[in-house]
Amino acid sequence: MRIAVNAVPLLQDTPADSGNVTTEMLYRLCRLHPDVEFLLITDRSWEPPVILPANAQDLVLKPWTGGRLGKYAWRRWQWQKAIKKYKADRVLCIDEVLAVPANIPAYLMLTRQTEVLNRASTAKYIRQYSGILLFSTFMREEVIKRFADLDGKIHTLPPGVSETYIPLNWEEREEVKREYADGMEYYISVASIHPDNNIRPLLKAFSMLKKRLRTSMKLVLAGRLTHEGEEIAESLQTYKFRDDVIWVEDPEETELAKLIAGAYGLVHTVGADGLAVPIYMALRCQVPAVTLYAGASPEAGGDASLNAVPDDITDLSEKLGALYKDEMLRSKLLAHITRTESWDEGALQLGRVITG
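Criteria and cut-off values
Sequence order as written defines residue numbering, which begins from 1 separately in each chain. Reporting in this predicted model follows two pLDDT cut-offs: at least 70 for local features of residues, and 80 or more for side-chain atom pairs to be given and counted; totals over whole chains, interfaces and linings ignore these cut-offs and use all residues. As a rule here, side-chain values cover all heavy atoms of the structure and leave hydrogens and water aside. Numbering of helices and strands runs from the N terminus, with a helix taken as a DSSP run of H or I at least four residues long and a strand as a DSSP run of E at least two residues long. Values of the radius of gyration come from C-alpha atoms, whereas the globule rule sets the reference at 2.2 Å times the count of residues to the power 0.38. Each residue is assigned to one of three classes by its accessible area relative to the maximum for its type, calculated with a 1.4 Å probe on protein chains only: buried under 20%, partly exposed between the two thresholds, exposed over 50%. By definition, residues are in contact when any of their heavy atoms lie within 4.5 Å. The Shrake-Rupley method, run with a 1.4 Å probe, gives the accessible areas here. Residue values count only the displayed protein chains as cover. Residues scored as charged are limited to Lys and Arg (positive) and Asp and Glu (negative), so that His and the chain ends carry no count. Taken as the charge location is NZ of Lys, CZ of Arg, CG of Asp or CD of Glu. Where helices are involved, their axes are fitted lines through C-alpha atoms of the stretch in contact, as for all axes, and angles between N-to-C directions lie from 0 to 180°. Each angle receives one of four descriptions, namely roughly parallel if under 35 degrees, roughly antiparallel if over 145, roughly perpendicular if within 65 to 115, and oblique otherwise. For any helix crossing, the convention is left-handed if the near helix is rotated counterclockwise from the far helix by under a right angle, and right-handed if that rotation is clockwise. Three residue categories are used. Nonpolar comprises Ala, Val, Leu, Ile, Met, Phe, Trp, Tyr, Cys and Pro, charged comprises Asp, Glu, Lys and Arg, and polar comprises the others, including Gly. In this scheme, strands are said to pair when DSSP sees at least two bridges between them. Seen with its strands pointing away from the viewer, a crossover is right-handed if its path from the first strand over the helix to the second goes clockwise. Polar contacts here mean pairs of N or O atoms no more than 3.5 Å apart (in protein, one a potential hydrogen donor and the other a potential acceptor; neighbouring residues in sequence count only if both atoms are side-chain atoms). By definition, a salt bridge exists where a carboxyl oxygen of Asp or Glu is found within 4 Å of a side-chain nitrogen of Lys or Arg.

## Focus: the overall build of the protein
Here comes step 1: Secondary structure assignment for the protein yields 14 helices and 13 strands.
Here comes step 2: Taking 2.2 N^0.38 as the reference for a compact globule, 356 residues should give roughly 21 Å; the C-alpha atoms of the protein span a radius of gyration of 21 Å, in line with that estimate.
Here comes step 3: Taking all 356 residues of the protein together, the buried fraction comes to 57%.
Here comes step 4: Nonlocal contacts in the protein, meaning residues at least 24 apart in sequence, comprise 65% of its contacts between residues at least 6 apart.
Here comes step 5: Surface summary for the protein: the accessible area is close to 15,900 Å², and the carbon and sulfur share equals 50%.
Here comes step 6: Across the protein, the centroid of the 43 positively charged side chains sits 5 Å from that of the 48 negatively charged ones.

Below, the structure written as structure tokens:
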């Protein structure tokens with residue numbers, strides 16, 4: 001069997017900004033099905049950070065022309081021609097609803113981005129897919145809200161976490177704090193610097209926390225800078241508590257795992273997150289979370305997190321303060337952490353759906 005994959009998201013995968021979900025799922029899927037040939041189709045050359053599995057072939061399909069016209073032609077026609085040319089038996093699209101040949105079973109996997117559902121191309125082509133694979137109840141509800149007739153095609157996969165994320169002992173945590181936060185406790189936010197991730201409200205809530213409690217607590221921001229977030233990055237230069245904010249841009253996975261495991265708590269303010277990967281990372285590292293009661297965050301954090309009201313900076317600051325001041329509360333949250341498995345189970349279920 002040969003499966004054609006829209007692997008463009010692989011090129012954009014990073015531990016902090018996307019949770020490496022596409023990479024984790026595809027690599028494990030390939031290893032679980034050594035008898036299947038996976039054709040990973042991208043629109044430009046790239047260098048895989050990890051050697052591709054032996055049964056995965058990288059096919060660079062450069063757009064016929066540049067600009068928006070080239071991108072449109074790639075999605076609408078060029079991609080389909082490649083599927084037919086290489087005689088694919090199945091198609092797997094990830095985080096983008098592309099047109100697919102009518103005679104080939106096609107499957108759609110959606111990870112974190114709910115805005116994909118609002119695109120005109122999604123409304124036009126999503127019914128061409130035999131199955132839609134998601135990772136949260138929230139994302140399922142978002143799909144059904146827009147496309148109620150697709151309920152029977154939806155499969156919910158279990159979220160996972162890389163085995164890199166493990167708890168640290170006391171001495172190891174102290175070492176991480178000395179390395180990154182002058183030996184002080186810190187909250188960590190794992191998300192790109194982008195307005196949609198509510199970085200400005202987070203900074204305002206952190207200011208309120210510092211003023212109210214006069215604490216030495218620090219805030220670590222882990223994630224890349226986006227074009228839309230440049231003003232936020234510039235504002236850090238004049239931010240009153242700038243000396244207490246540490247920005248680690250685009251960390252490698254081992255560094256991110258260390259930063260999360262060394263944190264006092266994770267704060268996750270991505271409101272429309274369809275798969276709250278950073279929360280699962282934190283809980284696997286035995287670190288509690290403060291989240292917004294929005295998106296997939298509440299189901300990810302469960303009883304091991306404090307949920308703040310969206311768009312309420314004061315409530316977010318109070319939740320951060322409550323966790324910081326109350327060691328018994330923190331211990332109670334830690335006691336409610338349930339085990340998060342690796343991505344193997346999700347890849348196994350994905351394979352059953354698309355190869356069946």
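## A short note on unusual backbone geometry
Here comes step 1: Backbone geometry places D95, a non-glycine residue, at a positive phi of 60°.
Here comes step 2: Residue class for D95 comes out buried when judged on its relative accessible area of 11%.
Here comes step 3: For D250, which is not glycine, the phi dihedral falls at a positive 50°.
Here comes step 4: Its location among the elements puts D250 in the loop between β10 (245–248) and α9 (253–261).
Here comes step 5: Among the residues examined, D250 registers a relative accessible area of 40% and is labelled partly exposed.

## As for the packing of helix α7 (residues 199–213) against helix α12 (residues 313–325)
Here comes step 1: For the pair α7 and α12, the least separation of the axes is 8 Å and the interaxial angle reads 50°. Classified by the angle between their axes, α7 and α12 sit oblique to one another. For the pair α7 and α12, the sense of crossing is right-handed. Packed against α7, whose contacting residues are P201, L202, K204, A205, M208, L209, R212 and L213, the element α12 presents I313, T314, L316, S317, E318, L320, G321, Y324 and K325 at the interface.
Here comes step 2: A per-class count over the contact of α7 with α12 returns 10 nonpolar, three polar and four charged.

## Regarding the pairing of strand β5 (residues 106–109)
Here comes step 1: Burial of β5 is two-sided: the residues A106 and L108 facing one way and the residues Y107 and M109 facing the other way are all buried.
Here comes step 2: Bridge analysis of strand β4 (residues 90–94) against β5 gives four bridges, and the strand direction is parallel. Within β5, the position partnered with L92 by the bridge is Y107.
Here comes step 3: Relative to strand β6 (residues 131–134), β5 runs parallel, the two being bridged by three bridges. Residue pairing for β6: M109 is matched across the bridge by L133.
Here comes step 4: In this view, the connection linking β5 to its parallel neighbour β6 by way of helix α4 (residues 120–125) has right-handed handedness.

## Describing the environment of A181
Here comes step 1: Position of A181 among the secondary structure elements: in helix α6 (residues 170–181).
Here comes step 2: For the pair A181 and K218, spaced 37 residues apart in sequence, the C-alpha to C-alpha distance is 6.7 Å.
Here comes step 3: When residues no more than four places from it in sequence are discounted, the contact partners of A181 are V176, Y186, K218 and I246.

## What to know about the side chain of T42
Here comes step 1: Mapping T42 onto the fold places it in strand β2 (residues 37–42).
Here comes step 2: Within the structure, T42 has its side chain in polar contact with the backbone oxygen of R44 (distance 3.2 Å).

## As for the sheet that holds strand β3 (residues 56–60)
Through backbone hydrogen bonds, the strands of a sheet pair up, either in parallel or in antiparallel fashion.
Here comes step 1: Across the sheet, seven strands lie side by side as β3-β2-β1-β4-β5-β6-β7; this open sheet has parallel pairing. Sheet topology places β3 and β7 (154–156) at the edges, where each strand pairs with a single neighbour. Taking each pair of neighbouring strands and ignoring which way they run, the sheet shows an average axis angle of 25°.
Here comes step 2: Lying over the sheet, helix α5 (residues 137–146) contacts β6 and β7, oriented at roughly 170° with respect to β7.

## Looking at the pattern of salt bridges
Here comes step 1: Taken as a whole and judged by the stated rule, the model has 23 salt bridges.
Here comes step 2: E142 serves as the salt-bridge partner of K145, at 2.9 Å between the closest nitrogen and oxygen. Within this pair, K145 and its partner E142 are both found in helix α5, separated by three residues, close to a single helical turn.
Here comes step 3: According to the relative accessible area criterion, K145 is exposed, its value standing at 61%.
Here comes step 4: Using a relative accessible area of 11% as the deciding quantity, one classes E142 as buried.
Here comes step 5: With a closest N to O distance of 3.0 Å, E185 and R173 form a salt bridge. Of the two residues, E185 sits in the loop between α6 and β8 (186–190) while R173 sits in helix α6, which places them 12 residues apart along the sequence.
Here comes step 6: Here R173 falls in the buried class, since its relative accessible area comes to 15%.

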